[in-house]
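An overview of the molecular structure
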Amino acid sequence: MANDHIYTADEVFEQAARYMPHEDIAFIRKAYFVAKDAHKEQYRKSGEPYIIHPIQVAQILVDLSMDPSTVAAGFLHDVVEDTPCTCEDLSKIFNEEVSMLVDGVTKLGKIKYKSKEEQQAENHRKMFVAMAQDIRVILIKLADRLHNMRTLKHLPSEKQKRISNETLEIFAPLAHRLGINRVKWELEDTALRYLNPQYYYRIVNMMKKKRQDRELYLNHVKAEIEKYLNELSIPSEIYGRPKHIFSIYKKMTVHNKAFNEIYDLMAVRVIVDSVKDCYAVLGIIHTHYKPMPGRFKDYIAMPKANMYQSLHTTVIGSSGEPIEVQIRTHEMHQIAEFGIAAHWAYKEGKTVTPDMKKELAWTNDILEWQKESLDAQDFVQSLKIDLFSDTVFIFTPKGDVFEFPRNSTPLDFAYRLHTEIGNKTIGAKINGKIVTLDYRLQTGDIIEILTSNQSYGPSKDWLKIVQTTHAKNKIRQFFKKQDRELNIEKGKELVEKELKTHGYDVKEILTTDNQKAAVERFHVSNWDDLMSTVGYGGISPKQVVTRLTETTRRKALKEKELAAIQELAEQRQIGQAAQKKKDIGIRVADIDSMLVRLSKCCNPVPGDEIVGFVTRGRGVSVHRADCPNIQTDEMKERVLSVEWEGIESNKREYNVEIEITGFDRQGLLNEVLMAVSDTKTNIASVYGRSDRQKMFSIHMVIMIHNITHLQRVVNRIKQIPDVINVRRIVQS
């Protein structure tokens, strides 16, 4: 998968022709022309025609050898959201399959939510549910995200970080869960570059320093292994394994390891024809090199949840350096690179096999959680715990293998077997010994559940013990059915208590309209159902009260805003305000003689897009429009329109704090100071520091006239060798 090459549609068709017959090429070509016509007046943030994005998404899918409907949906994945074209149109032009796939990846941009977090959670909910219905939906979504990450440089810094965070939290773990490692690695490395550029370039720099030595050593080890295998007539392919920056970053931060303590910086991969040859190669490696204790893993006998199979061992090479060796068959290598996509790779007459159904059984859990989860954010959180966390493998006495999230308990296993077994559980045996129900399962445990027909059912304390969403839902259902009336009364008490705690009049808030709004928000049938859910702990009373009081709080906020403006009107002094306005060159729309001051958190300068914020007793505080300190809903209610006056003639100087980062070397600080001086800019203060990895950071307050002046200074500093980044500082 190339990162930098921009593919043309013809190149995509040429690549697809490697495995698709002529009639299927005509089908995807038709999809391209429909998408090209639909997007003809649209452009990306980079200024390129929008159709370039769908072409690259389709290319990634062709690189994964996907079927014609999936590739066609790759070309068309944005037409329903961004153009007048509908899913019904796609059904008529193509077929129901293409329409369903496009609908599955369509974003929910037209739906209004109370917060960005809720919108994002609902987007993820729809994506996961669509994925459970057809796994190809997520393959298209991953291809879409991968190309968006490749072109992230064209977006503002704040958006880069938000999208990169979402990529690390949702999309990279999904690629890992589906075993598509080549997509996962690129998503992780690109996200790290935007989230922590200092650490990213630090690792790149450290890897560069000894690259030549490592490559020489790797070539020597590969030649040795090739000689040993040829002597025993074992056909093989041997090459170095690529190093991924994010995996090194995790080992250095999460596991607190120094760079030279990471053993898999040097790795050799051996590809052979059969499983028998895999173990033969392992024996040869361990015969000629000394294995490191505790560093052998057999993923062939015990595959990972994402179908990954391989033998891993770390040995001491001939020069005393540790080196990791991975041994696998050609088929295992395909699955290691492409994961579930290797199974979906297009072949004529392809059908879904029983093995594929088994491998994708976990997607059925998504549909079950969707039905039982009332809140989108809870739903996505459940997925992160159950699907994306580290896993353990346990055995039944008969030898059946079960996979669970780390920290799961015997109760999680009991409810996986059957709801009634879970409800009647009284104990468990691990490896033949009785353990408590809060025991944390370990890989390799042999488990046996003890039950009793005299059991009264689960305890509510079990909700604190179990780890999986499935077990939690089954326990909640038990109490929901058993104690409905009791839960309704308890729920009402909890909600009324929460209202009183916050000083609300219960009768004033619990109106029919407010109750109806809350019922609709939590997707339940009626008020009693909602109260029952609160009573058994499915929804917190705080969540319900937040929804019930939304209208009242909005009204109170408006009243506070009017009071604040009135207070300003009474206190302002026309002469002083006029002078202040003249000094900083800002006009408040439709209001004369208003006290105005520049906010110190974001230090706006002429040319910046700005807004005014009504303060209590101190006039209007002017912020940059993208200042994070005015992004809350409450603050947005107090925003006024303001604009700069006399930018061209304004000679006033404004403080701006900037941060300069890069690789440290002798004389660098002096070069930065000279560069600023060359732009005829005064420096108010400066301080810098350098760490043990030779990364420097310089904070500088400079005096500038306007945004053009600032950009001139930034551009001049960026020309200095070894400077990585220059950015404005916003105080939160």
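Residues numbered from 1 in each chain as written. Predicted model: local features only at pLDDT ≥ 70, side-chain atom pairs only at ≥ 80, totals over all residues. Heavy atoms only, no water.

Some remarks on the nonpolar core
Ranked by size, the top nonpolar core spans 60 residues in total, and within it I28, V71, F75, L76, L90, L142 and L187 carry the most contacts. Counting residues per element, this core draws most heavily on helix α9 (residues 136-150), which supplies 8 residues. Apart from the residues within four sequence positions on either side, V71 is in contact with Y19, M20, I28, A58, L61, V62 and M66. Membership of the second largest hydrophobic core comes to 29 residues, among which are L598, V622, V672 and V714. (Core = buried A, V, L, I, M, F, W, Y, C linked by side-chain atoms within 4.5 Å. Buried < 20%, exposed > 50% of the residue type's maximum accessible area, 1.4 Å probe, protein only. Helix = DSSP H or I, 4+ residues; strand = E, 2+ residues; numbered from the N terminus. Contact = heavy atoms within 4.5 Å.)

Topic: a negative patch on the surface
The grouping of E485, E489, E493, E496 and D528 at the surface amounts to a negative patch. Here the negative patch gets 4 residues from one element, more than from any other, and that element is helix α25 (residues 484-501). Structurally, E485 is set in helix α25. For E485, a relative accessible area of 58% puts it in the exposed group. (Patch = residues over 30% accessible without salt bridge, like charges linked within 9 Å, V, L, I, M, F, W, Y side chains within 5 Å. Areas by Shrake-Rupley, 256 points an atom, 1.4 Å probe, with all protein chains shown as cover. Salt bridge = Lys/Arg side-chain N within 4 Å of Asp/Glu carboxyl O. Lys, Arg positive; Asp, Glu negative; His and termini not counted. Charge placed at Lys NZ, Arg CZ, Asp CG, Glu CD.)

Things to note about a nonpolar patch on the surface
Taken together, the side chains of L669, I683 and V686 define a hydrophobic patch exposed on the protein surface, amounting to about 220 Å² of accessible area. The topology assignment puts L669 in helix α33 (residues 668-678). The exposure class assigned to L669 is partly exposed, which follows from its relative accessible area of 43%.

Quick look at the packing of aromatic side chains
This model, assessed by the stated rule, comprises 12 aromatic pairs. Geometrically, the ring pair formed by F246 and Y249 is tilted, given 5.9 Å between the ring centres and 35 degrees between the ring planes. Linking F246 with Y249, this pair stays in helix α14 (residues 245-253), spanning 3 residues, or about one helical turn. Ring centres 6.2 Å apart and planes at 65 degrees place the aromatic pair F404 and F413 in the edge-to-face group. (Phe/Tyr/Trp six-rings, centres within 6.5 Å; stacked < 30°, edge-to-face > 60°.)

A look at the side chain of Q160
Positionally, Q160 belongs in helix α10 (residues 157-177). At a separation of 3.0 Å, a polar atom in the side chain of Q160 contacts the main-chain carbonyl oxygen of L152. Here Q160 is in contact with L152, K153, L155 and Y194, once residues within four sequence places are set aside. (Polar contact = N/O pair within 3.5 Å; in protein donor to acceptor, adjacent residues only side chain to side chain.)

Keep in mind these values describe shape, not function.
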